[in-house]
Amino acid sequence: MKKIIVALLLCASFGYGQESFESYYNPLADVKYQIEVEHPDKKGNYTFLIECKSIDSRSKNGALIINNKQLLDFKEHLSYLRDIFIKWKKTAEENKVTDINKEIEYKNKFYNSAFTYGDWHFDFNTKLTSYFKYVANKYYVVIYSPKLTSSSNQFIKSDGYMLSFSSPEDFDDLINKLDETKVIEYYKEKDKKEDLFKN
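Structural notes, computed from the coordinates. (Residues numbered from 1 in each chain as written. Predicted model: local features only at pLDDT ≥ 70, side-chain atom pairs only at ≥ 80, totals over all residues. Heavy atoms only, no water.)

This paragraph deals with the pattern of salt bridges. Enumeration over the complete set of coordinates arrives at 7 salt bridges. The network of salt bridges with common partners includes Arg82, Asp83 and Asp172. (Salt bridge = Lys/Arg side-chain N within 4 Å of Asp/Glu carboxyl O.)

Structure (structure tokens):
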């Protein structure tokens, strides 16, 4: 029942409650994706929606959904992956290792995800998996979602989505953009402008 209520709330706000806030670069996809964020509620709670590269030809869009209570854990996860990337890339280059696709173990949390299959669908049981790999003459860390299943229809599925990073700066860019102070300031300024034209 709780998941149904959450799904209804997400559907109500998805595409309406979120606003385009920032963007980040996915080097393996060679595309910039949007980071959207909703207006904090009266308790200061809000949600980031991070658009991702869908790896399912049937689904044009995928997204990772992070609420403010999960934000610190997710940023610590990204920092850990950045440090592993630096360490393993140096080792791989020194030893001329190019045939590599190694999982990076991490005690990960569960997040929410969204994907399109006609309409938007939600999966509330997303545990991310990360790999260090060599693709097209470059080293990457790639974060994958698992296969996703719609919370409203078990027969609607997606192969998931991915985020990629090819430098420490890629990690730092996303970490810095997922910033609570920036969210508060963004909506503070927006609300101030809207207050100027109230009836």
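From this point, things continue past the structure.
Direction of pairing for strand E6 (residues 110–117) relative to strand E7 (residues 119–127): antiparallel, over a ladder of 7 bridges. Within E7, the position partnered with phenylalanine 115 by the bridge is histidine 121. Count of turn residues in the E6/E7 antiparallel hairpin: 1 residue, of which glycine 118 carries a positive phi of about 80°. (Pairing = 2+ DSSP bridges. Helix = DSSP H or I, 4+ residues; strand = E, 2+ residues; numbered from the N terminus.)

On to the nonpolar core. Residues Phe48, Ile50, Leu64, Phe74 and Leu163 are the most contacted members of the largest nonpolar core, which totals 38 residues. When residues in this core are grouped by element, the largest group, 7 residues, is from helix H2 (residues 71–94). What isoleucine 50 contacts, discounting residues up to four positions off in sequence, is Tyr24, Gln34, Gly62, Ala63, Leu64, Ile66, Phe74, Leu163 and Leu178. Among the nonpolar cores identified, the runner-up in size contains 6 residues, and Ile65, Ala114, Phe122 and Phe124 belong to it. (Core = buried A, V, L, I, M, F, W, Y, C linked by side-chain atoms within 4.5 Å. Buried < 20%, exposed > 50% of the residue type's maximum accessible area, 1.4 Å probe, protein only. Contact = heavy atoms within 4.5 Å.)

So, about the packing of H2 against helix H3 (residues 168–177). Taken N-terminus to C-terminus, the directions of H2 and H3 make an angle of 170°; their axes are 9 Å apart at the nearest point. On the basis of the axis angle, H2 is roughly antiparallel to H3. For the pair H2 and H3, the contacting residues are Lys75, Leu78, Ser79, Leu81, Arg82, Phe85 and Ile86 in the first and Pro168, Phe171, Asp172, Leu174 and Ile175 in the second. When its residues are assigned to classes, the contact of H2 with H3 shows 8 nonpolar, 1 polar and 3 charged. (Axes fitted to C-alpha atoms, helices over the stretch in contact; angles between N-to-C directions. Parallel < 35°, antiparallel > 145°, perpendicular 65-115°, else oblique. Nonpolar A, V, L, I, M, F, W, Y, C, P; charged D, E, K, R; others polar.)

Turning to the pairing of strand E1 (residues 18–26), a few remarks are in order. Examined bridge by bridge, E1 and strand E2 (residues 31–38) share 8 bridges and lie antiparallel to one another. Bridging from a neighbouring strand, glutamine 18 pairs with glutamate 38 of E2. Counting the residues in the hairpin turn of E1 and E2 gives 4 residues, including aspartate 30, whose phi is positive at 55°.

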